[in-house]
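Structural overview
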Amino acid sequence: MAIQKAPQVSFGAASGTQRTVVSADTARTLREANLMVEESHRVRPRWFDGKFLAARDLTREQSYFLARQAGFARALGAGVVEGLEVSQGSVATELQVSPGFGYTTAGELVALTGPVRVSLAQLFQLQTLAQQLSGRKKLLTPPLRNRTGIFVLGLRALEFSANPVSSYPTGLDAERTVEPGDIVEASALTLHYVADAPGDRADALRGELARQIFVQQAGPSLPAETLALALVALTGDTVRWIDVHLARRTAGQSHADVLGFGFAPRLLREAHLAQYQAQLDDVMKRPLGARPSAAQFFSALPAAGPLPAAAVNTADFSQSWLPAGIDAELTLVPQDEIAMLVEESLTLPPIDLQLAAEAQTSTFVSILVPVPREALAAQARLLRQRLTRALVVPATRLSVKRSPAESLRLLENTRLVKTGLFPPPAITDPVDTAWASLVNAQTTLWYARRRNVALRPEVEGVAVAVINEGPNPDNIILERFKALGETERVEKLLARSDSLARAEAVKLLSAAKFSEPLLAHAALAQLEARKTMDETAVAEVATALNTPGVADGLAKLAAQRPDLLEDKEALHKLAGSEHLLDMGRTLSRSSGQEAQRLSADIKVPVRGKANLDKVLAARFAPAKPR
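Remember, it's a predicted structure, so these values are computed and weren't measured experimentally.

As for the overall build of the protein
Across its full length, the protein carries 20 helices and 19 strands. Within the protein, counting contacts between residues at least 6 apart in sequence, those at least 24 apart form 70% of the total. Per element, the accessible surface of the protein, about 36600 Å² overall, is 55% carbon and sulfur.

What to know about the packing of helix 13 (residues 517-528) against helix 14 (residues 535-545)
Across the interface, helix 13 lies against helix 14 with an axial gap of 10 Å and an inter-helix angle of 145 degrees. In the crossing of helix 13 with helix 14, the sense of the turn from one axis to the other is right-handed. Of helix 14, the residues touching helix 13 (which contributes Leu519, Ala523, Gln526 and Leu527) are Val538, Val541 and Leu545. Of the residues assigned to the contact of helix 13 with helix 14, the class counts are six nonpolar, one polar and no charged.

Remarks on the nonpolar core
Of all hydrophobic cores here, the largest spans 40 residues; its most connected members are Leu574, Leu580 and Ile602. Among the elements that make up this core, the one with the highest residue count is helix 13 (seven residues). When neighbours within four sequence positions are excluded, Leu574 is seen to be in contact with Leu518, Leu557, Leu564, Leu580, Ile602, Ala610 and Leu612. Among the nonpolar cores identified, the runner-up in size contains 37 residues, and Ala328, Val371, Ala436 and Leu445 belong to it.

Remarks on the sheet that holds strand 6 (residues 116-119)
The strand order across the open sheet formed by three strands is 2-3-6, and the pairing between neighbours is antiparallel. Of all strands in the sheet, those with a lone pairing partner are strand 2 (86-88) and strand 6, marking the two edges. With strand direction ignored, the average angle separating the axes of adjacent strands in the sheet is 25 degrees. In the sheet, strand 3 (residues 94-97) pairs with strand 6 via four bridges, with the strands oriented antiparallel. What sits directly across from Val97, in strand 6, is Val116.

Describing the pairing of strand 15 (residues 327-334)
For strand 15, the buried fraction is high: seven of the eight residues fall into the buried class. Summarising the sheet, strand 15 and strand 17 (residues 364-371) pair through eight bridges and their orientation is parallel. Among the inter-strand pairings, Val333 is bridged to a residue of strand 17, identified as Pro370. For strand 15 and strand 18 (residues 388-390), the ladder comprises three bridges, and the chain directions are antiparallel. Each bridged residue has a counterpart across the sheet, and for Thr331 the counterpart in strand 18 is Thr388.

A look at the packing of aromatic side chains
Applying the stated criterion across every chain yields a total of four aromatic pairs. Judged by centre distance (6.3 Å) and plane angle (80 degrees), the rings of Tyr276 and Tyr447 are edge-to-face. In this pair, Tyr276 sits in helix 5 (residues 266-283) while Tyr447 sits in strand 19 (residues 444-450), placing the two residues 171 residues apart along the sequence. Every member of this aromatic cluster is reached through a ring pair, and the members are Tyr276, Phe297, Phe298, Trp321 and Tyr447. Over the face of the ring belonging to Trp241 we find Arg206, whose NZ or CZ atom lies 5.0 Å from the ring centre. Arg389 extends its terminal NZ or CZ atom over the ring of Phe317, reaching a point 4.2 Å from the ring centre.

Digging into the pattern of salt bridges
For the structure on display, the rule yields 20 salt bridges. Among the salt bridges present, the one from Glu225 reaches Arg156, with a minimum N-O distance of 3.6 Å. On the criterion of sequence distance, the pair formed by Glu225 in the loop between helix 4 (202-214) and strand 9 (226-235) and Arg156 in strand 7 (residues 149-167) is long-range, its members being 69 residues apart. The partly exposed category is assigned to Glu225, whose relative accessible area is 31%. The salt bridge partner of Asp582 is Arg585, with a shortest N-O separation of 2.1 Å. One end of the pair is Asp582 and the other is Arg585, both in helix 18 (residues 580-588) and three residues apart, which spans about a single turn. Asp582 sits in the partly exposed class, given a relative accessible area of 30%. Look at Arg585 and you get partly exposed, because its relative accessible area is 23%.

Cut-offs used in this document
Residues numbered from 1 in each chain as written. Predicted model: local features only at pLDDT ≥ 70, side-chain atom pairs only at ≥ 80, totals over all residues. Heavy atoms only, no water. Helix = DSSP H or I, 4+ residues; strand = E, 2+ residues; numbered from the N terminus. Contact = heavy atoms within 4.5 Å. Areas by Shrake-Rupley, 256 points an atom, 1.4 Å probe, with all protein chains shown as cover. Axes fitted to C-alpha atoms, helices over the stretch in contact; angles between N-to-C directions. Left-handed = near helix turned anticlockwise from the far one by under 90°. Nonpolar A, V, L, I, M, F, W, Y, C, P; charged D, E, K, R; others polar. Core = buried A, V, L, I, M, F, W, Y, C linked by side-chain atoms within 4.5 Å. Buried < 20%, exposed > 50% of the residue type's maximum accessible area, 1.4 Å probe, protein only. Pairing = 2+ DSSP bridges. Phe/Tyr/Trp six-rings, centres within 6.5 Å; stacked < 30°, edge-to-face > 60°. Lys NZ or Arg CZ within 6 Å of the ring centre and 35° of its normal. Salt bridge = Lys/Arg side-chain N within 4 Å of Asp/Glu carboxyl O.

Structural data, given as structure tokens:
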């Protein structure tokens, strides 16, 4: 079958457009067949020699290009392109807007070429102006004599005529007139009423508006010619709070519900997270109490965000920030993966705090406990590879809403403790102790909503690392410490260790870096100094020895002072010094000459301890003035 060549289409090169040019007869035929739709709002004059030129023709020419530009702007999407940040002025009765520009929903360009200050004393005039520009003869709301409520601060596109010039007569009997010679485009700040907000309701209404905007996607309605910049809560002539994320949108935001699932656009979800963080910062400036709850301040939460660490109670491993019904757990993660986990969670819907507990049962949330990546392996050993810890919600005080398990737990934790029949519960599991230490070291944690999968297999037991075939670690240790003459010390150390601690100690001492005599003696001395040889003790020693700079610094010391390694008694005293690891870190950061000088200053007397503490003190002592 022969492939037919597509016919060539003739474009209207003479008219400067790539639209196909058809004849008037063809246009009439298409119109009668309802196959052509005319764009009556985009009609431009056709110029030809001999045509009489009137002012209306040039006006139509301008209107055509303005309509085309507005269409391009609508394709981009309404929002702020640059600047237009709203903040409180130098006094509490002023608002300040920075320079910038953006596009309204109608596609109009609005811009401020310099910073603008708005006095709240002009609130009534601004509200009246907004109503007049909306084309309403009667105000929808009464004048705000007390100037209290929540408003949208917007930027509206305006134009006016200016610069009058003399007009020539258009007829023999006509007279000369004066007409404005220019049309000046401008932008005006306006305030649009949203809701009444008494002083005790302004903060709560902020959370309700966030739920309405980000969850229900139904924000305050504004004229198409107005670009929203911020929501402002006013009490009298004073700004109570400014929330730019509730109203401000960045240009380029895609339309919602592209696939038909009601999914919020990406930029709207990012705005929800930014708004939540800003409001949480304001909340955390006030005392939160022992068990803060998100429902006290918010009506909806983004799919991921920060939360106060005080919301996690390490005494009973309960969390009060998220509502009942949500399956929450602590998760140990590296610090540099927080951003990626938040990014993934933002693809999920927000958490609606207005739902009942039964509707929240299919929501899974991880509360992320960040640790430096270099410390992750050591912390995992402390947690015995159990990198998650389930959390519960504090039992409710309303008996009708309590589950049987909550009733028993509330009975044990409240009545029996108060009567003295039972002591308060204490953490006895070393893994829970490690979790409590990690959580209590934080002031702010992050949570991330997880996908709800159909299969959630539960793994019982303790994870055990699978070791590939290779040299036996026990043989490596015996050969290494036999050469150092320390076989008996190693055997005694391993003999007083439990099975898990012995496995971790063998793994530690068989590492390649401990082939260095000074570092090997230091590891052995650190382990012997522990009163109990359990897995936690080995993990703490491994963390100290793996601190960046320790191994490199001790290698420098061994190279500068080989005499210390030849004297067995001096080597034991040096390895047993509590300041040896600090000296290693110091030498790793020192230059060649400084490292040589510090190493030369180290003395190990026959009687007494090594003088590492004095060498370090002299190194960091302030220089004496000459």
